[in-house]
Amino acid sequence: MTDAVRVGHIDLSFHDAAAREVERILREHGHRIARSAAPHEEMFRRIGNGEVDMLVSAWLPASHGGYLASFEADIRKLTVLYEPYCLWGVPEYVPEDEVGEVADLLRGPAFERMERLIQGINPGAGISRFSAAIVEQYGLATAGYSFQTGTEDECFGRYVAAVSDRRWVVVPLWQPHWLHHRYRIRELREPRGLLGGTDAATLIVRKDAEGRIGAAALAELATLHLGNSRVSELDDLLQR
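What you see is a predicted model, and the numbers here were worked out from it, not measured in a lab.

### Some remarks on the UniProt feature "domain: ABC-type glycine betaine transport system substrate-binding" (unreviewed entry) in the chain
Then comes step 1: The residues that UniProt annotates with the feature "domain: ABC-type glycine betaine transport system substrate-binding" (unreviewed entry) are residues 4-236.
Then comes step 2: In this annotation, residues 4-236 is assigned 36% helix and 24% strand; the end-to-end C-alpha distance for the span is 28 Å.

This is the structure in structure tokens:
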């Protein structure tokens, strides 16, 4: 039995779901796992300082690239696990011809019916930075909209409660996520490109840990690709 491989993931449920697939392969190669979770900034600090061996995963380049820049020479990008992207979404019952893009929030039925609070997750997430920029650059604050960071439960629970009452609400979200496995969420068009585009969810490993992990395990991990739908499904299974 080898020393434990320290696998870190950002403390959000879909990152946990993807990490479990990585950990399964490591166990099949005889490794024990020391798993840990932390908010974005803290987890990148840990891998940069050598406190974890692998990170599942870094969204590159837009969402997490800035966190990686100072120690990128110390890590290897092993594989792309899925292709995430951020979005602003509304429930499917909100008519697309009335609310099709972000700018529609300022006029017509959306101006009358849409809830003004846009509840997000923690401030270190890419979607939080992007959402704050959208509110500012589209002038949404002048219409009473506000973006607020918070917990997963506050963000996702607010959406679930709104759907149960068929209220009009915007959820700042991303693919993949368990909400997509349970609900049909329609993405609002955002033509200014403030949501960062599609990233590559990259499994990264510290170069100084590769010898302990072993060539066989690393080779198998390098072939691992889950895809957005599978990660959403795994995330939903964890929730249930």
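### Some remarks on the pattern of salt bridges
Then comes step 1: Under the defined criterion, the tally for this structure stands at 23 salt bridges.
Then comes step 2: Residues arginine 189 and glutamate 96 are paired through a salt bridge, measuring 3.5 Å at the closest nitrogen-oxygen approach. Highlighted residues: arginine 189 in the loop between β9 (185-187) and β10 (200-206) and glutamate 96 in the loop between β5 (85-91) and α4 (108-113), separated in sequence by 93 residues.
Then comes step 3: Judged by its relative accessible area of 44%, arginine 189 is partly exposed.
Then comes step 4: The partner of arginine 240 in a salt bridge is aspartate 236, and the shortest N-O contact between them spans 2.7 Å.
Then comes step 5: Overall, the relative accessible area of 3% leaves aspartate 236 in the buried class.
Then comes step 6: Beyond isolated ion pairs, a larger network of salt bridges with shared partners links Asp16, Arg20, Glu23 and Arg35.

So, how was this worked out
Residues numbered from 1 in each chain as written. Predicted model: local features only at pLDDT ≥ 70, side-chain atom pairs only at ≥ 80, totals over all residues. Heavy atoms only, no water. UniProt positions renumbered as here; feature names shortened; annotations may be inferred. Helix = DSSP H or I, 4+ residues; strand = E, 2+ residues; numbered from the N terminus. Salt bridge = Lys/Arg side-chain N within 4 Å of Asp/Glu carboxyl O. Buried < 20%, exposed > 50% of the residue type's maximum accessible area, 1.4 Å probe, protein only.

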